[in-house]
Amino acid sequence: MTIKLPALKLRITPPAESAVRDGHPWIFSNSITKQNRDGVSGEYAVVYDRNNEFLCIGLYDPFSPLRVRVLHAGKPITLDGAWWRARFERALRLRTDLATPQTTGFRYCNGESDGWPGFVLDRYDTTLVIKLYSTAWFSHLNRLLELIVDRLAPESIVLRLSRNIQQTAEEAGLADGQVSFGPPIQKPVTFFENGLLFHADVIRGQKTGFFLDQRENRKKVQGLAEHRDVLNVFSFAGGFSLYAAAGGARSATDLDISRHALEQAKQNFGLNQSDSNVARCEHYVIQADAFEWLENPSPASYDLIVLDPPSMAKKEIERTEAIRAYGHLVKQALLRLRKQGILVAASCSAHVSAEEFFEAIQAAIRRSRRTFEVLKTTRHPQDHPAAFREASYLKCLYARISD
Ligand code: SAH
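What you see is a predicted model; the values in this text were computed from it and never measured.

How each quantity is defined
- Residues numbered from 1 in each chain as written.
- Predicted model: local features only at pLDDT ≥ 70, side-chain atom pairs only at ≥ 80, totals over all residues.
- Heavy atoms only, no water.
- Helix = DSSP H or I, 4+ residues; strand = E, 2+ residues; numbered from the N terminus.
- Rg over C-alpha atoms; globule rule 2.2 N^0.38 Å.
- Buried < 20%, exposed > 50% of the residue type's maximum accessible area, 1.4 Å probe, protein only.
- Contact = heavy atoms within 4.5 Å.
- Areas by Shrake-Rupley, 256 points an atom, 1.4 Å probe, with all protein chains shown as cover.
- Lys, Arg positive; Asp, Glu negative; His and termini not counted.
- Charge placed at Lys NZ, Arg CZ, Asp CG, Glu CD.
- Near = heavy atom within 4 Å.
- Polar contact = N/O pair within 3.5 Å; in protein donor to acceptor, adjacent residues only side chain to side chain.
- Salt bridge = Lys/Arg side-chain N within 4 Å of Asp/Glu carboxyl O.
- Pairing = 2+ DSSP bridges.
- Axes fitted to C-alpha atoms, helices over the stretch in contact; angles between N-to-C directions.
- Phe/Tyr/Trp six-rings, centres within 6.5 Å; stacked < 30°, edge-to-face > 60°.
- Lys NZ or Arg CZ within 6 Å of the ring centre and 35° of its normal.
- Domains from an automatic or database assignment.

Re the overall build of the protein
Right, so step 1: Helix and strand counts for the protein stand at 11 helices and 20 strands.
Right, so step 2: Taken over C-alpha atoms, the radius of gyration comes to 23 Å for the protein, in line with the 22 Å a tight globule of 403 residues would show.
Right, so step 3: Overall, the protein is about 75 × 45 × 35 Å in size when its C-alpha atoms are taken along their principal axes.
Right, so step 4: Relative to its 403 residues, the protein shows a buried fraction of 54%.
Right, so step 5: Excluding contacts between residues fewer than 6 apart, the proportion of contacts in the protein whose partners are at least 24 apart in sequence is 64%.
Right, so step 6: Surface exposure of the protein reaches about 18700 Å², of which carbon and sulfur atoms provide 51%.
Right, so step 7: One finds the centroid of the 51 positive side-chain charges in the protein at a distance of 3 Å from the centroid of its 46 negative side-chain charges.

This is the structure we're talking about:
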């Protein structure tokens, strides 16, 4: 006989309560003041306010300091199948104009900011990739797979797990990179982005296999690259340089520490040889630590340099150092940027605000005594909405350096 537990009920501190009312989706373990019993991963936790009124309902995760991820706040509701379906439809509606024959890779669901906290769903043509950041999703997975298959009819669905939940996943019979729906994946997954073909390593690659969040910035680089020699620092699979090649770049050089990423970059150029601009562009790869490589003096110079490093501030205390390190990166890159060159500087550090980042880049250019003009700044693309401060990580500045 299974014993039905009473609903899991919590009370939280007044500041945490205000944050939830303001739409923040996280409740940390240290802001929980009362709890009627121990919670199980994935069960719904109902949070009551100081007047004992319903505040919100969320997914409970006993393995994370981020103890409850809010699914709904406001009036009491029942999270039944219809609710989950409606939530999913809301996310899909935001992307209806994104899917075209030219773009078959994009994000369907961006975690918290689409109302599925800690749950990401990416599309690579007919393959979907789920990435989970909390064990709380494990017990909901089958139901969600059914919903996704029913609505999107993919060929296969791959499951990816953030590193910190992989061990608990093993105990639940789940593994990073497993195919959770459809036949085993035997050939590389390919997809289109703005008419260019790319491979995505959905089983082992970084994130879900590709950095879909840079699609719009890549497209802008395409429009700026004609007749230029392009250096793509932290290139991953060559996304920026392939767009630059399609835009008429003379040469494109990918620099990354990962041999695997550079192999993919070569393959991606190979996939697009029917594009005469890509076929004409000289493609080079350099496997190196970008920070060290930029320190070494070199006669090579470029007309367009992209800097897109991994997050340099994973924690708040790393913020100041990250800003300093970024400034240094810009200084070193500018030594290789020709007159009338373009610098494209992106950051994915959530702890560094867009304003701080843009200011730091401009300060670094000024310190190099170069004359410049900011052409553009960008933030999150449509399929990567950022609904709260911590989710807002992506920013990019374009500057023309005239002398
Ligand atoms: N611009 C890419 C995404 C970059 S992600 C795109 O458009 O898809 C960051 C990349 O930096 C990863 O590919 C990672 O392998 C690489 N990387 C991390 N540390 C590095 C280092 N010290 N030197 C060079 N590359 C590094």
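Once you've had a look at it, read on.
Side note on the site of the ligand
Right, so step 1: Around the ligand sit 16 residues in total, of which Arg 218, Asp 256, Ile 257, Ala 290 and Asp 308 are the nearest.
Right, so step 2: A distance of 2.7 Å is found between an oxygen atom of the ligand and a side-chain nitrogen or oxygen belonging to Arg 218.
Right, so step 3: Note that a nitrogen atom of the ligand is positioned 3.4 Å from one of the side-chain N or O atoms of Asp 289.
Right, so step 4: Bound to the protein, the ligand loses 91% of the 590 Å² it would expose on its own.

Regarding the pattern of salt bridges
Right, so step 1: Overall, the coordinates contain 25 salt bridges when judged by the stated rule.
Right, so step 2: Put simply, Glu 318 and Lys 315 hold a salt bridge, and the shortest N to O gap is 3.7 Å.
Right, so step 3: The class for Glu 318 is partly exposed, based on a relative accessible area of 27%.
Right, so step 4: Here Lys 315 falls in the partly exposed class, since its relative accessible area comes to 48%.

Digging into the sheet that holds strand 6 (residues 66-73)
Right, so step 1: Strand order in the open sheet formed by 6 strands is 2-6-5-4-1-3, with mixed pairing between adjacent strands. On the outer flanks of this sheet lie strand 2 (26-28) and strand 3 (32-35), each paired with one strand and no other. Sheet twist, expressed as the average angle between the axes of neighbouring strands with direction ignored, equals 35 degrees.
Right, so step 2: Note: strand 4 (residues 44-48) against strand 5 (residues 54-60), 5 bridges, orientation antiparallel. Bridge pairing in strand 5 links Val 46 to Ile 57.

Description of the environment of Tyr 44
Right, so step 1: Mapped onto the elements, Tyr 44 comes out in strand 4.
Right, so step 2: By relative accessible area, Tyr 44 is classed as partly exposed at 23%.
Right, so step 3: On a C-alpha basis, the gap between Tyr 44 and Val 68 in space is 8.8 Å, while along the polypeptide they are 24 residues apart.
Right, so step 4: With near-sequence residues (within four places) excluded, Tyr 44 lies in contact with Leu 8, Ile 57, Gly 58, Leu 59, Leu 71, Leu 79, Trp 84, His 140 and Arg 143.
Right, so step 5: Within the structure, the side chain of Tyr 44 is placed 3.1 Å from the side chain of Trp 84, a separation counted as a polar contact.

Overview of the packing of aromatic side chains
Right, so step 1: Within this structure, the stated rule accounts for 20 aromatic pairs.
Right, so step 2: Relative to Phe 191, the ring of Tyr 124 has its centre 5.0 Å away and its plane inclined at 65 degrees; by these criteria the two rings are edge-to-face. Here Phe 191 lies in strand 12 (residues 189-193) and Tyr 124 lies in strand 8 (residues 119-124), a separation of 67 residues in the sequence. The two residues Tyr 124 and Phe 191 agree in class, both being buried.
Right, so step 3: Taken together, a centroid distance of 4.8 Å and an interplanar angle of 90 degrees make the contact between Tyr 326 and Phe 357 edge-to-face. In this pair, Tyr 326 sits in helix 10 (residues 319-334) while Phe 357 sits in helix 11 (residues 354-367), placing the two residues 31 residues apart along the sequence.
Right, so step 4: Above the plane of the ring of Trp 293 lies Arg 336, whose end atom (NZ or CZ) is 4.2 Å from the centre.

Digging into the domain arrangement of the protein
Right, so step 1: Along its sequence, the protein is organised into domain 1 (8-73), domain 2 (81-189) and domain 3 (211-401).
Right, so step 2: Put simply, the middle of domain 1 and the middle of domain 3, counted by C-alpha atoms, are 40 Å apart.

Things to note about the sheet that holds strand 9 (residues 127-132)
Right, so step 1: Strand order in this open sheet of 5 strands is 7-8-9-10-11, and the pairing throughout is mixed. The sheet is open, and its two borders are formed by strand 7 (105-110) and strand 11 (178-181), each paired with just one other strand. Strand-to-strand twist across the sheet, computed as the mean angle between neighbouring axes with direction ignored, equals 25 degrees.
Right, so step 2: In terms of strand pairing, strand 10 (residues 156-161) meets strand 11 through 3 bridges, oriented antiparallel. Looking at strand 11, one finds that Leu 159 is bridged to Gln 178.
Right, so step 3: Across the sheet, helix 3 (residues 141-152) lies against strand 7, strand 8, strand 9, strand 10 and strand 11, angled at about 150 degrees from strand 9, the strand it touches most.

Some details on helix 6 (residues 239-246)
Right, so step 1: When you tally the buried positions in helix 6, you get 8 out of 8 residues, the bulk of the element.
Right, so step 2: Restricting attention to buried positions, one finds in helix 6 the residues Gly 239, Phe 240, Ser 241, Leu 242, Tyr 243, Ala 244, Ala 245 and Ala 246.

A closer look at the side chain of Asp 61
Right, so step 1: Here Asp 61 is to be found in the loop between strand 5 and strand 6.
Right, so step 2: There is a polar contact of 2.9 Å between the side chain of Asp 61 and the side chain of Ser 134.
Right, so step 3: When sequence neighbours within four positions are dropped, the list of residues in contact with Asp 61 reads Leu 66, Arg 67, Ser 134, Thr 135 and Ala 136.

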